[in-house]
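These are the residues of each chain, in order.
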Amino acid sequence: MPHPLSYDEADHDARRARQWLAGRARGAGVPRPRLLELGTAMTALAAAAGEREPVAVTADPVGADPGRDATAPDATAPDAAGPDAAGPDAAGPGMVKPLPDRLFTRHDTNAEMRWEAMAGQGYVVPTDRFFVRNHTATPLIDPDTWRLSLFGDGLRGTPTRDRPVEFGYDDLRRLPAERVTALVECAGNGRRFFAGQQDGPSPGVAWGLGGVGVAHWRGVRLSTVLRRAGLTGAAIDVMPEGLDPEYVTGGVNLGRVRRPLPIGKALDDVLLAYEMNGEPLTPDHGFPVRVVVPGWIGISSIKWVGPVEVSATPLFSPWNTQLYRMFGPGHPDGGGELGPQSVKSAFELPWDARIPAGAEVVLRGRSWSGGGPIRSVQVHTGDDGWRPAELVAGDAGGPWQRWTAHWRPAEPGPATLRARATDATGAGQPERARHNDLGYLFDGVVRHPVTVC
Ligand SMILES: Nc1nc2c(c(=O)[nH]1)N[C@H]1C(S)=C(S)[C@@H](COP(=O)(O)O)O[C@H]1N2
Ligand SMILES: [Mo]
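What this report covers is the structure whose coordinates are included nearby.

Parameters at a glance
- Residues numbered from 1 in each chain as written.
- Chains lettered and ligands numbered in written order.
- Predicted model: local features only at pLDDT ≥ 70, side-chain atom pairs only at ≥ 80, totals over all residues.
- Heavy atoms only, no water.
- Buried < 20%, exposed > 50% of the residue type's maximum accessible area, 1.4 Å probe, protein only.
- Helix = DSSP H or I, 4+ residues; strand = E, 2+ residues; numbered from the N terminus.
- Pairing = 2+ DSSP bridges.
- 1 Å grid on protein atoms, 1.4 Å probe; cavity = no way out; pocket = protein on both sides within 12 Å on 5 of 7 lines; lining within 4 Å.
- Points joined across faces, edges and corners; volume = space filled by probe spheres on them.
- Nonpolar A, V, L, I, M, F, W, Y, C, P; charged D, E, K, R; others polar.
- Core = buried A, V, L, I, M, F, W, Y, C linked by side-chain atoms within 4.5 Å.
- Domains from an automatic or database assignment.
- Contact = heavy atoms within 4.5 Å.
- Salt bridge = Lys/Arg side-chain N within 4 Å of Asp/Glu carboxyl O.
- Axes fitted to C-alpha atoms, helices over the stretch in contact; angles between N-to-C directions.
- Near = heavy atom within 4 Å.
- Polar contact = N/O pair within 3.5 Å; in protein donor to acceptor, adjacent residues only side chain to side chain.
- Areas by Shrake-Rupley, 256 points an atom, 1.4 Å probe, with all protein chains shown as cover.

In this section: the pairing of strand β6 (residues 212-221). Of all 10 residues in β6, 7 are buried, a share of seventy percent or more. As defined by bridge partners, strand β5 (residues 178-185) adjoins β6 across 8 bridges and the pair is classed as antiparallel. The residue bridging V180 from the neighbouring strand is W217, located in β6. Judged from the 5 bridges that link them, β6 and strand β11 (residues 271-276) form a sheet pairing that is antiparallel. Directly across from W217, in β11, lies its bridge partner M276.

Encoded structure:
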């Protein structure tokens, strides 16, 4: 049942931003003036062509390669892992799972799924190829000593951070379990096309379209745990915090990765997940327990969750004030709210795929949107205008939509594939995405180069 309080993502975001800008910030981790400096630093970075947000690599920095031009059009080509790649199957810096070049493109502490890795796969992304977004490094956590620790004045008796209400791994597994199939997508997914197709680079991870995945998640509802922990009617915000190392960027320590959720969303469909695709979570995806916030930007789905603050006053963190907001010309001072994830479409093909001339081929892809289910998809192969793609019927209403389109390329030579989708709210994909300095929510039509031969 929907909670009476607002839990619309954009709405909550806008409200908290107004409060934060009005100086009511509490628990933002660093004093406000420093955050404002950081904001300025990031805007300056956005303006500096080719530069990316400096990332503190707390693990072996073998993958850090600030010299690489992350906006090169071939950034997802098979050799794009660059000279930093430690070998075909090596784990990334601070990551545990193997990152073979056929499945991933690496970006410092992050690993992007190659879309051709989804060819021949089912609805969900197998865990071996699911993208990884790590601000620092994957922590290795012992489930026997791990605790979920809830505290704050939104709980009965106001337990403190030092004397919280605790749940162990086995406690959570004994509570009623639920399964959801949900999409997790980085708000910066598609960022490299702001540079590659539009007017300039944005700082941050240069994702192509592979910073997204759908998985089956199993765990206990956050609402179940909140109620058992003594939730009161005064609670308005819930802030899960990760146990990975503190994040340092631009010389500022932002503390542990954390981002508040409004109580309405927290009591709705948020899961404390301990399984992904039918297996215990793997270390890179949040073992022992992560938050899964269906429909919201990826940063909401805190991995390796430990402390959870439940508050009767608004909560703030750098991840809902200085980051994950729309900055730059045409956006409000202090940043506009992101709103739901944008509409995107991807072909399950390598960048620069080779396609035989004269034969009919089936192009396959997927489209998704944070706004709602996909209603229609169109494909453009360069020879005969936009035409409808065929939607896989069983996917209707789900977090993403598979589709196919038939193509018989006549002439050998370079060609450009395009796909665009419309979601249930009528939101579609424009030729150009709206610029914002930090490169969030790209929704433009991506031009996918192929060679007919
Ligand atoms: N503790 C913690 N949680 C985190 C992050 C992180 O760095 N630390 N990254 C976030 C971001 S930005 C995204 S997009 C998703 C990615 O989830 P995945 O790595 O399982 O794909 O996790 C989110 N949760
Ligand atoms: Mo993200």
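The side-chain alternation of strand β1 (residues 104-107) yields two buried faces, one formed by F104 and R106 and the other by T105 and H107. Hairpin remark: β1 followed by strand β2 (residues 110-113), antiparallel, with 2 residues in the connecting loop; positive phi at D108, about 50°.

The next point concerns empty space enclosed by the protein. Throughout the structure, instances matching the rule amount to 6 cavities of 30 Å³ or more. Estimated volume of the largest cavity: approximately 260 Å³. What lines the largest cavity is a set of 20 residues, and nearest its centre among them are R133, R290, G298, S301 and K303. For the lining of the largest cavity, the per-class residue count stands at 10 nonpolar, 6 polar and 4 charged.

Of all hydrophobic cores here, the largest spans 91 residues; its most connected members are L148, L150, W217, L226 and W400. Of the domains in this structure, domain 1 (9-41 + 137-311) and domain 2 (344-452) are the two that each give at least three residues to this core. Ignoring sequence-local partners within four residues, the contact set of W400 consists of W115, M118, Y123, V125, L183, V212, G213, V214, R366, S367, W368 and D395. Formed by 20 residues, the second largest nonpolar core is a distinct cluster that contains F347, I374, W407 and A421.

Inspection of every chain in the model, using the stated rule, returns 12 salt bridges. Where R218 meets E275, a salt bridge forms, and the shortest distance between an N and an O atom there is 3.1 Å. With R218 in strand β6 and E275 in strand β11, this residue pair connects regions lying 57 residues apart in the sequence. Judged by its relative accessible area of 30%, R218 falls in the partly exposed class. Classification of E275 by relative accessible area gives buried; the value is 12%. Overlapping salt bridges, with partners in common, bring together R161, E241 and R256 in one network.

Here the focus is the sheet that holds strand β22 (residues 413-423). Sheet strands pair by backbone hydrogen bonding; their relative direction is either parallel or antiparallel. With mixed pairing, 5 strands are arranged side by side in an open sheet as β16-β23-β22-β18-β19. With partners counted over all chains shown, the strands left at the sheet margins are β16 (353-355) and β19 (386-388), one partner each. Strand after strand, the sheet turns through a mean of 35° between neighbouring axes, direction not considered. For β22 and strand β23 (residues 448-452), the ladder comprises 5 bridges, and the chain directions are antiparallel. Residue pairing across strands places T416 opposite P449, the latter belonging to β23.

Within the secondary structure, R387 is located in strand β19. Apart from residues no more than four positions distant in its own chain, R387 is found in contact with V377, Q378, V379, T381, H406 and W407.

Here the focus is the sheet that holds strand β4 (residues 165-168). Read across the sheet, 5 strands follow the order β4-β3-β14-β7-β10 without closing on themselves; strand pairing throughout is mixed. This sheet does not close on itself; its edge strands, each paired only once, are β4 and β10 (261-262). Alignment of strand β7 (residues 237-242) against strand β14 (residues 305-311), held across 5 bridges, turns out to be antiparallel. Paired with V238 across the strands is V310, a residue of β14.

The next thing to look at is the layout of surface pockets. By volume, the largest pocket is sized at about 440 Å³. In terms of residues, the lining of the largest pocket owes the most to one element, β5, which gives 5 residues. The residue inventory of the lining of the largest pocket, partitioned by class, reads 12 nonpolar, 8 polar and 5 charged. No fewer than three residues from each of domain 1 (9-41 + 137-311) and domain 2 (344-452) sit in the lining of the largest pocket. The computed volume of the second largest pocket comes to approximately 270 Å³. Around the second largest pocket, the lining is made up of 21 residues, and of these M326, L338, P340, L441 and D443 lie nearest the centre. Looking at the lining of the second largest pocket residue by residue, the class counts come to 8 nonpolar, 9 polar and 4 charged.

This part covers the site of ligand 1. Around ligand 1, the structure places 20 residues, and the nearest of them are F131, H135, D244, R290 and K303. H135 places a polar side-chain atom, nitrogen or oxygen, 2.7 Å from an oxygen atom of ligand 1. A distance of 2.8 Å separates an oxygen atom of ligand 1 from a polar side-chain atom of H285. Expressed as a share of its isolated accessible area of 530 Å², the protein-covered part of ligand 1 is 100%. Residue composition of the shell around ligand 1, by class: 10 nonpolar, 6 polar and 4 charged.

We now examine unusual backbone geometry. Omega for the bond connecting F287 with P288 falls within 30 degrees of zero, at 5°, which places this linkage in the cis form. The phi angle at D352 is positive, at roughly 60°, despite the residue not being glycine. Looking at the secondary structure, you find D352 in the loop between β15 (344-347) and β16. For L441, which is not glycine, the phi torsion reads 55° and is therefore positive. For L441, the position within the fold is in the loop between β22 and β23. Here L441 falls in the buried class, since its relative accessible area comes to 9%.

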